[in-house]
Amino acid sequence: MATFVDRVVLHLRAGDGGHGCVSIHREKFKPLGGPDGGNGGHGGSVSFKVDPQVHTLLDFHFRPHLKASNGKGGAGSNRDGATGDDLVLLVPDGTVVQTVDGEILADLVGAGTTVEVARGGRGGRGNAALANSRRKAPGFAELGEPGEQLDVVLELKSVADVGLVGFPSAGKSSLISVLSAAKPKIADYPFTTLVPNLGVVRVDDHTFTIADVPGLIPGAATGKGLGLEFLRHIERTAVLVHVVDAATLEPGRDPVSDIDAIEAELSAYGGLEDRPRLVAINKIDVPDGRDLAEIVRPDLEERGYRVFEVSAATREGLRELTYAMAELVATQRSAAPDPEATRIILRPRAVDDAGFTVTETPDGTFVVSGAQPERWVRQTNFDNDEAVGYLADRLNRLGVEEKLAKAGAVQGSLVRIGDREFDWEPTLGEGVDPTAGLRGTDPRITERSARPRASDRLAARKMRRQPTPDLPGYGTDFDDEPGDDED
């Protein structure tokens, strides 16, 4: 028997973008062929898609770590890298995608519904795409951006029109087996049903689905028994049917007390108060079962329930129960609002929004936050001085330096962008042509490389201020010369 899994935790990672290529076209009699490094391919994304042929999350239970393919790196002769393949994960209808903190990312209902949860990293541009009128042969290329990674929780909530609820061994599985083509496990002991069962019922020209939820007991809404795990499967049902046992031999149990206990659990779980109810008193074919049903029927009808006396064994009363369920389902469907067409929402960025912010931390570090500058930093090869100079120019054009100055940053202040920290050099090498050096170098950085960094100067200043009593000669006046002692 296949294992039923309705909740899994997945560790997803989108593909990384491919690195751009640094290449110069070389051909006989063409010494100045120019840059021809291709761009890297974008990484593959991770998305979920509803497939009607998938009914459980079992496959993800055994493979919780999933990753899309990476983009390929660019190559010479203007050859771009291949884009990584997207990873499309097929899930059952009614799957809820949420974060580990409980935030719902998507509620997937309906065949073909798709949502992207992790976007692949951008591919880095090659030096051919970075060339301009000033920098005709760049000696650097952009790195590929890492793909997004996150942990998600998948929960399956069965999509059914009618939900059968009741105590264990009340006959829910027997009812769904005779009302539909479903073949659940049926036995004469409690908790025979360990997983929800779905069936399709046809009445004249009406078709609806019915779900058999594992048996509920008092305390199910707080985790007792199997109720807490499977109560979610009746959240989407339009009609609830109480299946009660008219032939139970347990002391203190009868159809009325059973319904009261189940209603208490449904109320504790919450969100099900507006669902219409029916009552099916099952097993009237058993001796004394019919008599008990006739005794409790007036009491249940006084509470507003429509009561049906049925027998799954002899199929007595099932026709009336089926038509009543079809009638309520049709009523609920007609009362439901018409589905709205998908609305495309455009959220343009404000005119005065630079796309980043600058904040100062208590320790004096200036943090630049924003999607664009953080992406530029991730795509910069810091082992290449020319690439670092190009990043400085981009940040300056974006307005980062202006905002840093307004925030109080001075030369040598520690600035953090993403996971990179560096000393701020305002208007890096102003008046110096950044293209006047060899490929892969930047004269502005070369000129400043001999200057001690701000962190080094701070460490040296702290060392000078610290006393060193353990060193030889500590406390000796070295300015005094022998023979200068006063008599």
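These figures come from a predicted structure and were not determined experimentally.

Trainee: So what exactly am I meant to see when it comes to the overall build of the chain here?
Mentor: Of the regular secondary structure elements, the chain holds 12 helices and 18 strands. When the 487 residues of the chain are sorted by exposure, 44% land in the buried category. Taking as baseline every contact in the chain between residues at least 6 positions apart, the subset at least 24 positions apart corresponds to 71%. Working note: accessible area of the chain is about 27200 Å², and carbon and sulfur atoms make up 50% of it.

Trainee: Which parts of the structure should I look at to understand the packing of helix α3 (residues 172-179) against helix α7 (residues 318-335)?
Mentor: In a pair of packed helices, the angle between the axes and the distance between the axes together describe the arrangement. Running from amino to carboxyl end, α3 crosses α7 at an angle of 85°, the nearest separation of the two axes being 12 Å. Accordingly, the angle class assigned to the pair α3 and α7 is roughly perpendicular. Across from L175, V178 and L179 in α3, the residues of α7 making contact are L318, T322 and M325. Residues that form the contact of α3 with α7 fall into these classes: five nonpolar, one polar and no charged.

Trainee: Explain the pairing of strand β8 (residues 149-156) to me, please; I cannot follow it from the model alone.
Mentor: The side chains of a regular strand alternate, first on one face of the sheet and then on the other. Sheet analysis places strand β1 (residues 7-13) next to β8, joined by seven bridges and oriented antiparallel. Each residue of the ladder has a partner; that of V8, found in β8, is L154. Direction of pairing for strand β5 (residues 95-99) relative to β8: antiparallel, over a ladder of five bridges. In the strand pairing of β8, T95 is matched with L156.

Trainee: Before we go on, may I ask you to explain the confidence of the model for the chain in this structure?
Mentor: Detailed reading of the predicted model is not advised wherever pLDDT is low. For the chain, per-residue confidence averages 80 on the pLDDT scale, and 79% of positions sit at 70 or higher. Across the chain, strand β3 (residues 65-67) holds the top mean pLDDT of 95, while helix α4 (residues 227-230) sits lowest at 52. Note that pLDDT drops below 50 for residues 219-228; the model gives that stretch 21 contacts with residues more than four away or on any other chain.

Trainee: Would you take a moment to explain the sheet that holds strand β11 (residues 206-212) for this structure?
Mentor: In a beta sheet, neighbouring strands are held together by backbone hydrogen bonds and run either parallel or antiparallel to one another. Taken in spatial order, the six strands of this open sheet run β10-β11-β9-β12-β13-β14, and their pairing is mixed. The strands lining the two open edges of the sheet, one partner per strand, are β10 (197-203) and β14 (306-309). Along the sheet, successive strands turn relative to each other by an average axial angle of 25°, direction set aside. Alignment of strand β12 (residues 239-245) against strand β13 (residues 277-282), held across six bridges, turns out to be parallel. For V241, the partnering residue across the bridge sits in β13 and is L278.

Trainee: Sorry if this is basic, but what is going on with α3 here?
Mentor: It helps to recall that an α-helix has 3.6 residues per turn; residues three or four apart then point in one direction. In terms of burial, α3 is largely enclosed, as six of its eight residues are buried. Tucked into the core, α3 has its buried residues touching β9 (162-165), β10, β11, β12 and α7.

Trainee: Just to check I follow, could you spell out a positive patch on the surface for this structure?
Mentor: The grouping of R461, K462, R464 and R465 at the surface amounts to a positive patch. If you trace the backbone, K462 turns up in helix α12 (residues 454-465). Owing to a relative accessible area of 49%, K462 belongs among the partly exposed residues under this scheme.

Trainee: I would appreciate a short explanation of the nonpolar core in the present structure.
Mentor: Nonpolar side chains tend to gather and get buried jointly when the protein is soluble and globular. Counting residues in hydrophobic clusters, the biggest one holds 26 residues, and the most contacted among them are V162, L164, F208, I210, V241, L278 and M325. Listing elements by their share of this core, those giving two or more residues are β9, α3, β10, β11, β12, β13 and α7. It is α7 that contributes the most residues to this core, seven residues altogether. Other than its neighbours up to four places away in sequence, L164 contacts K172, L175, I176, I210, A211, D212, V213, V241 and V243.

Trainee: So what exactly am I meant to see when it comes to the packing of helix α8 (residues 371-378) against helix α9 (residues 385-398) here?
Mentor: Put simply, α8 and α9 touch, their axes get as near as 11 Å, and they point 175° apart. By the angle between their directions, the pair α8 and α9 is classed as roughly antiparallel. Along the contact surface, α8 presents Q372, P373, W376 and V377, while α9 presents L391, R394, L395 and L398. In the contact of α8 with α9, the residues fall into six nonpolar, one polar and one charged.

Trainee: Would you mind showing me how to read the packing of aromatic side chains here?
Mentor: Each aromatic ring pair is specified by the distance between its two centres and by the angle formed by the two planes. This structure, assessed with the given rule, holds one aromatic pair. Taken together, a centroid distance of 5.2 Å and an interplanar angle of 45° make the contact between F140 and Y390 tilted. A residue pair is termed long-range when its members are at least 10 positions apart, and F140 in the loop between α2 (127-130) and β8 and Y390 in helix α9 qualify at 250 residues. According to the relative accessible area criterion, F140 is buried, its value standing at 3%. Relative accessible area serves as the criterion here: at 12%, Y390 is assigned to the buried category.

What counts and how
- Residues numbered from 1 in each chain as written.
- Predicted model: local features only at pLDDT ≥ 70, side-chain atom pairs only at ≥ 80, totals over all residues.
- Heavy atoms only, no water.
- Helix = DSSP H or I, 4+ residues; strand = E, 2+ residues; numbered from the N terminus.
- Buried < 20%, exposed > 50% of the residue type's maximum accessible area, 1.4 Å probe, protein only.
- Contact = heavy atoms within 4.5 Å.
- Areas by Shrake-Rupley, 256 points an atom, 1.4 Å probe, with all protein chains shown as cover.
- Axes fitted to C-alpha atoms, helices over the stretch in contact; angles between N-to-C directions.
- Parallel < 35°, antiparallel > 145°, perpendicular 65-115°, else oblique.
- Nonpolar A, V, L, I, M, F, W, Y, C, P; charged D, E, K, R; others polar.
- Pairing = 2+ DSSP bridges.
- pLDDT = per-residue confidence, 0-100.
- Patch = residues over 30% accessible without salt bridge, like charges linked within 9 Å, V, L, I, M, F, W, Y side chains within 5 Å.
- Salt bridge = Lys/Arg side-chain N within 4 Å of Asp/Glu carboxyl O.
- Lys, Arg positive; Asp, Glu negative; His and termini not counted.
- Charge placed at Lys NZ, Arg CZ, Asp CG, Glu CD.
- Core = buried A, V, L, I, M, F, W, Y, C linked by side-chain atoms within 4.5 Å.
- Phe/Tyr/Trp six-rings, centres within 6.5 Å; stacked < 30°, edge-to-face > 60°.

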